[in-house]
Amino acid sequence: MKRDPIYVETKMHTSLERVWEFTQTPEMHQEWDLRFNRIEYLPKETEDAPQHFLYETQIGFGVRVSGKGKSTGTHSKETGESTSALKFWSDEPVSLIKTGSGYWKYIPENGGVKFLTWYDYQTRHGFFGQLTDKFLFRPLIGWATAWSFDALKMWLERGQHPRLSKKLLLVLLLSNFLIALTWLYHGIVPKLMYMETGELEMLTASGMFTGFEKEGVYAAGIAEILFGLAFLFFGRWRLLHWLNIVALLALGIIALFAKYEVYLAPFNPATTSFGVIGLSVIVLSLLKYIPSAAHCKRKPGRK
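Residues numbered from 1 in each chain as written. Predicted model: local features only at pLDDT ≥ 70, side-chain atom pairs only at ≥ 80, totals over all residues. Heavy atoms only, no water.

J.: I keep staring at the overall build of the chain and nothing clicks. Help me out?
T.: Counting its secondary structure elements, the chain contains 8 helices and 7 strands. Once the C-alpha set of the chain is aligned to its principal axes, its extents read approximately 85 × 45 × 35 Å. Here the contacts in the chain between residues at least 6 apart in sequence split such that 60% fall between residues at least 24 apart. In the structure as shown, the chain presents an accessible area of about 17,400 Å², 64% of it carried by carbon and sulfur atoms. (Helix = DSSP H or I, 4+ residues; strand = E, 2+ residues; numbered from the N terminus. Contact = heavy atoms within 4.5 Å. Areas by Shrake-Rupley, 256 points an atom, 1.4 Å probe, with all protein chains shown as cover.)

Shown next as structure tokens:
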């Protein structure tokens with residue numbers, strides 16, 4: 001099964017020495033890289049021996065995956081360009097990665113350093129492992145690598161520690177999930193499943209879709225479901241959150257004029273809308289502080 005190697009590239013406005021320090025020091029590396037929870041260098045047998053290391057990743061539910069690796073050499077040119085190559089492997093059956101290799105490259109440029117990585121690996125578990133890798137694991141680890149590069153960039157350029165970046169990422173994911181859940185619930189339950197509990201009456205009172213009220217409620221339900229799903233896949237889009245704010249305000253006004261009594265009931269549209277609008281406001285205010293994989297190049301020679 002054909003696979004594309006992982007490639008990530010970014011430019012950082014700092015010195016090559018700092019990028020080298022933050023990427024080659026295990027204690028610093030494990031701070032910004034989402035792929036690892038722990039990296040530990042092993043003692044060298046001789047000064048010139050390859051540097052062996054251990055790595056560990058927690059994949060959730062108390063499950064940890066560990067492996068080993070070694071630096072196969074570093075090379076520096078007169079221009080200052082440096083390359084660090086490595087090999088890695090895991091003997092644990094739970095690890096999809098069996099063996100792999102790659103490199104980091106540091107290229108001085110005007111005002112900063114181009115930092116890039118290329119790596120590839122062999123999977124275990126036969127065809128099932130290859131299938132899982134192609135459609136799930138490889139896209140995920142590629143995203144994690146690019147996100148981590150942008151987190152490192154923010155650390156070096158702004159002084160924003162990756163621990164804060166990771167917490168902000170959780171805020172973003174949770175906010176988008178709650179917004180999506182709200183729209184999905186209102187699209188499925190009161191519109192597609194139980195429209196007689198109030199949605200049909202409200203649409204009839206508004207005078208819209210006269211004679212086709214049921215069809216109008218169904219159409220609104222489907223639209224809300226699609227809108228909710230958008231937050232799960234495109235939650236970083238600013239336009240999406242502005243549409244969320246405008247849509248909730250507009251629907252609130254329509255409900256007020258169609259049947260103002262709904263605003264007197266517990267957990268009415270106002271209490272729901274203000275909370276969801278607030279989540280979008282939070283996301284819009286935090287986006288510039290949250291690293292993004294989209295800020296990195298994912299193919300050589302492409303933006």
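J.: Looking at this model, I keep getting lost on the packing of helix α3 (residues 126–158) against helix α4 (residues 162–193). Mind explaining?
T.: Axes are the key here: two packed helices are described by the angle between their axes and the distance separating the axes. Put simply, α3 and α4 touch, their axes get as near as 9 Å, and they point 130° apart. Taken together, α3 and α4 sit at an angle that is classed as oblique. Note on packing geometry: the crossing formed by α3 with α4 is right-handed. On α4, the residues touching W143, W147 and W155 of α3 are P162, S165, K166 and L169. (Axes fitted to C-alpha atoms, helices over the stretch in contact; angles between N-to-C directions. Parallel < 35°, antiparallel > 145°, perpendicular 65-115°, else oblique. Left-handed = near helix turned anticlockwise from the far one by under 90°.)

J.: Is there a simple way to explain the UniProt feature "transmembrane region" (unreviewed entry) in the chain in this structure?
T.: As recorded in UniProt, the sites labelled "transmembrane region" (unreviewed entry) are residues 168–186, 216–234, 239–258 and 270–290. For the annotated span residues 168–186, helix accounts for 100% and strand for 0% of the residues, and the straight-line distance between the end C-alpha atoms is 27 Å. Structurally, residues 216–234 comprises 95% helix and 0% strand, and the distance from its first C-alpha atom to its last is 26 Å. (UniProt positions renumbered as here; feature names shortened; annotations may be inferred.)

J.: I tried to follow a nonpolar patch on the surface on my own but got confused; where do I start?
T.: There is a patch of nonpolar side chains on the surface, built from L174, F177, L178, L181, I222, L226, L229, L232, F233, F234 and W237 and spanning about 1,100 Å² of accessible area. Looking at the nonpolar patch, the elements that each hand over two or more residues are α4 and α6 (213–233). Here the element with the most residues in the nonpolar patch is α6; it accounts for 5 residues. Looking at where L178 falls in the secondary structure, it is placed in helix α4. (Patch = residues over 30% accessible without salt bridge, like charges linked within 9 Å, V, L, I, M, F, W, Y side chains within 5 Å. Salt bridge = Lys/Arg side-chain N within 4 Å of Asp/Glu carboxyl O.)

J.: When you look at the pattern of salt bridges in this model, what are you seeing that I'm missing?
T.: What the rule picks out here adds up to 16 salt bridges. For the salt bridge of E9 with K297, the shortest nitrogen-to-oxygen distance reads 3.5 Å. In this pair, E9 is assigned in strand β1 (residues 6–12) and K297 in the segment after α8 (269–286), connecting sequence segments 288 residues apart. Among the ionic pairs, R35 bridges to D33, the shortest N-O distance being 2.6 Å.

J.: Can you walk me through the environment of P5 in this structure?
T.: Its place among the elements puts P5 in the segment before β1. Judged by its relative accessible area of 32%, P5 falls in the partly exposed class. Taking the C-alpha atoms as reference, P5 lies 13 Å from A146; in sequence the two are 141 residues apart. Excluding anything up to four places from it in sequence, P5 contacts W118, Y119, D120 and R138. (Buried < 20%, exposed > 50% of the residue type's maximum accessible area, 1.4 Å probe, protein only.)

J.: Can you walk me through the nonpolar core in this structure?
T.: It is characteristic of soluble globular proteins that their nonpolar side chains tend to be buried jointly. Within the largest apolar cluster, 27 residues are counted, with the highest numbers of intra-cluster contacts made by V19, Y106, F115, F149 and L152. If you tally residues by element for this core, the top one is α3, at 6 residues. Filtering out sequence-adjacent residues up to four positions away, L152 remains in contact with M12, F22, T23, W32 and F115. Grouped together as the second largest cluster of nonpolar side chains are 13 residues, A180, A230, F231 and L284 included. (Core = buried A, V, L, I, M, F, W, Y, C linked by side-chain atoms within 4.5 Å.)

J.: Sorry if this is basic, but what is going on with the environment of G112 here?
T.: By the element assignment, G112 lies in strand β7 (residues 112–123). Between the alpha carbons of G112 and S15 there is a distance of 6.1 Å; along the sequence they are 97 residues apart. Those residues in contact with G112 that sit more than four places away from it in its chain are K11, M12, H13, T14 and I107.

J.: Looking at this model, I keep getting lost on the packing of aromatic side chains. Mind explaining?
T.: Centre-to-centre distance and the angle between the planes together describe a pair of aromatic rings. A complete count under the given rule lists 14 aromatic pairs for this structure. Relative to F149, the ring of W32 lies with its centre 6.1 Å away and its plane at 75°, an arrangement referred to as edge-to-face. Of this pair, W32 sits in helix α2 (residues 26–32) while F149 is found in helix α3, placing the two residues 117 residues apart along the sequence. Neither W32 nor F149 differs from the other in exposure class; each is buried. Ring centres of Y106 and F115 lie 5.1 Å apart, and the angle between their planes is 35°; on these two criteria the pair is classed as tilted. Judged on exposure class, the residue Y106 and its partner F115 are both buried. For the cation-ring pair, K134 lies above F135, with the distance from its terminal atom to the ring centre recorded as 5.9 Å. Over the face of the ring belonging to Y121 we find R138, whose NZ or CZ atom lies 4.2 Å from the ring centre. (Phe/Tyr/Trp six-rings, centres within 6.5 Å; stacked < 30°, edge-to-face > 60°. Lys NZ or Arg CZ within 6 Å of the ring centre and 35° of its normal.)

J.: Would you mind going over the packing of α4 against α8 with me for this structure?
T.: It is the contact of α4 with α8, at a shortest axis distance of 10 Å, that shows an interaxial angle of 150°. Note that α4 runs across α8; the crossing there is left-handed. Each of L168, V171, L172, S175, L178, I179, T182 and H186 in α4 lies in contact with α8, whose residues at this interface are T272, V276, L279, S280, I282, V283 and L286. Within the contact of α4 with α8, the residues separate by chemical class into 10 nonpolar, 5 polar and no charged. (Nonpolar A, V, L, I, M, F, W, Y, C, P; charged D, E, K, R; others polar.)

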